[in-house]
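Tertiary structure, described
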Amino acid sequence: MWNRLNKSMMCCQMLFGLSFYGVMIILTRFFLEDLGYSEADTMMVVGAFSAIGPLFAIAGGFIADKFLGAYRSLTIAYLAFAMGYGLLVFGASAGNVELCLVGIALASYGRGLMSPSYPSLYKRTFASQEDFENGYPVNYSVNNVGAFLGQYLFPMFVLAIGFNGSFMLSAVMAFIAFAILVVSRKPLSTVGAEIDQAPVSTKNWIAFTVLSVAMIGLVFFMFSNMDIGQNIIYAIGASAILYFISLMLKSERADALKMGTILIMTVLTTAFFVYYGQMMTSMTMVTINTMRGDLFGFIPIAPEAAMAMNSLWCIVGGPVIVYVFLSLEKRNINFTTATKIGFAFILTAIAFGILTMAVLNVGEDAVIRPEIFMVIHFFQAFAEVIVGSMVVAFILSVAPKHIENFSVSLYSVAMAMSGIVGAVFSTSIAMEKGQVITQEVVQTVYGDYFSLLTGLAVVMVFVAFLASFVIRKMLEKSKEAEDMTTAQA
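Because the structure is a prediction, the values reported are computed rather than measured.

Attention shifts here to the pattern of salt bridges. By the definition in use, this model includes two salt bridges. With a closest N to O distance of 2.8 Å, Arg29 and Glu33 form a salt bridge. Residue Arg29 and its partner Glu33 are both found in helix α1 (residues 4-34); the two are separated by four residues, about one turn of the helix.

Here it is as structure tokens:
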């Protein structure tokens, strides 16, 4: 199943995980300590950094479909990562907030180009849809190998080479991935869609350049004015969904029903990633304020690096999830993707239930051991692997070919909307600078917040199972409509 192109792209994916999540994990302390941001402002910026990139996958999908193709979009994305991290180097060295914001804006733009282009092109390196669906969760684990190393090691790199040296390291890794794609241009272009194999007109290059400059400028404005920026995110996300609905209403019945299932999956994914986004915002603040000690008494881990536990479990989770569902399928036990998301919410409810119990029962020293977070991330990581790998594969399996990349971008829209919603929720537990963390503060502020999230996760279990039934009926009706059209032809 695996070939050289698969391996080249997975190498790029791992380098993305290593560089991007390495930057993300140190941004919280960078903004808090070097740039002097408050906890609330820091959570909004970091939350937006995780959200805005996926949001601009809407434009990334449009660019890949209409202007450049998936291969060129992906290659330019990695160049944008390298340049964005490079600007962070200069911004960190000079203590220049504006330069830092431009850097993360450029990196966010690169992620927007990458998000729909990578799975679309990666899919075409497999011989069959079945091979792709079985291989994508493994690719997700490869990404998490990079993410784990970045999240665990970068806080230590900061101690040795500072923030600017760590950002430079990410820039170098992103450039290596860019070089791999350039070297692999001919074979990747060959397996790509027709637009990948055709030359790009001057008109399209100009349109792409103008759109890119406008996007980067907009992202910089959003980071600089987060109150307005979050409303822009809501507006863009809503516009993308409304545009997709308009396409659905104009489509034949069979395609319209399939597109309707994509909308339902987008809603479920949005709800799930509100929980995922807590890792970068509220949970990071909790670990910074309460997590103390070495993991198992001998593995050193910085509080902000606790998110690396999620990536570690995701590495394990990919192959395990594939094995479990393949084994069930061999026994004719098949679950829809929405049902699998229901399973993911069960795991999420368990994870946040454990976190709730930990903060409600914290001792007088207001310290939570790293092992508790290790268990929390175990359940949340397996949930993430289910949603992160299977929703995209589902969308690609039902989306009409002419809007394939745009359909995939709705997954990124879900991540973006949930990221900013999750960040806004997280600010409710932000502490003032100089706030003393006591047992009472942890139990009341953190306890109430995570108790609410746990209860809502339980509700979402039932919502996902109901959605599974609806989606199954819609796909059955879509198949009937296709059969009727074929018979009439």
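There is more to say, and it comes next.
To continue, consider a positive patch on the surface. Where like charges cluster on the molecular surface, the positive patch consists of Arg253, Arg472, Lys473 and Lys477. Summarising the element assignment, Lys473 is placed in helix α17 (residues 439-488). Taking the relative accessible area as the measure of exposure, Lys473 reaches 37% and is therefore partly exposed.

Further remarks concern a nonpolar patch on the surface. A cluster of nonpolar side chains, contributed by Val316, Val320, Tyr323 and Val324, occupies part of the molecular surface with about 340 Å² of accessible area. Counting through the fold element by element, Val320 comes out in helix α13 (residues 308-330).

With that out of the way, let us pick up the side chain of Ser282. As for its placement among the helices and strands, Ser282 is situated in helix α12 (residues 282-290). Assessed through its relative accessible area of 0%, Ser282 is described here as buried. Setting aside residues up to four positions removed in sequence, Ser282 forms contacts with Met43, Ser426, Ile429, Tyr449 and Phe450.

Looking now at the side chain of Thr28. Mapped onto the secondary structure, Thr28 falls in helix α1. The residues contacting Thr28, other than those within four sequence positions of it, are Thr42, Val46, Met280, Thr284, Met285 and Ile288.

Contact pair helix α2 (residues 39-55) / α12: the axes reach a minimum separation of 10 Å and the direction vectors enclose 135°. The pairing of α2 with α12 is recorded here as oblique in orientation. Every pair of crossing elements has a handedness; the one defined by α2 and α12 is right-handed. Seen from α2, the contacting residues are Glu39, Thr42 and Met43; seen from α12, they are Ser282, Met285 and Asn289. Each residue belonging to the contact of α2 with α12 can be placed in one class, and the counts come to two nonpolar, three polar and one charged.

Cut-offs and rules
- Residues numbered from 1 in each chain as written.
- Predicted model: local features only at pLDDT ≥ 70, side-chain atom pairs only at ≥ 80, totals over all residues.
- Heavy atoms only, no water.
- Salt bridge = Lys/Arg side-chain N within 4 Å of Asp/Glu carboxyl O.
- Helix = DSSP H or I, 4+ residues; strand = E, 2+ residues; numbered from the N terminus.
- Patch = residues over 30% accessible without salt bridge, like charges linked within 9 Å, V, L, I, M, F, W, Y side chains within 5 Å.
- Areas by Shrake-Rupley, 256 points an atom, 1.4 Å probe, with all protein chains shown as cover.
- Lys, Arg positive; Asp, Glu negative; His and termini not counted.
- Charge placed at Lys NZ, Arg CZ, Asp CG, Glu CD.
- Buried < 20%, exposed > 50% of the residue type's maximum accessible area, 1.4 Å probe, protein only.
- Contact = heavy atoms within 4.5 Å.
- Axes fitted to C-alpha atoms, helices over the stretch in contact; angles between N-to-C directions.
- Parallel < 35°, antiparallel > 145°, perpendicular 65-115°, else oblique.
- Left-handed = near helix turned anticlockwise from the far one by under 90°.
- Nonpolar A, V, L, I, M, F, W, Y, C, P; charged D, E, K, R; others polar.

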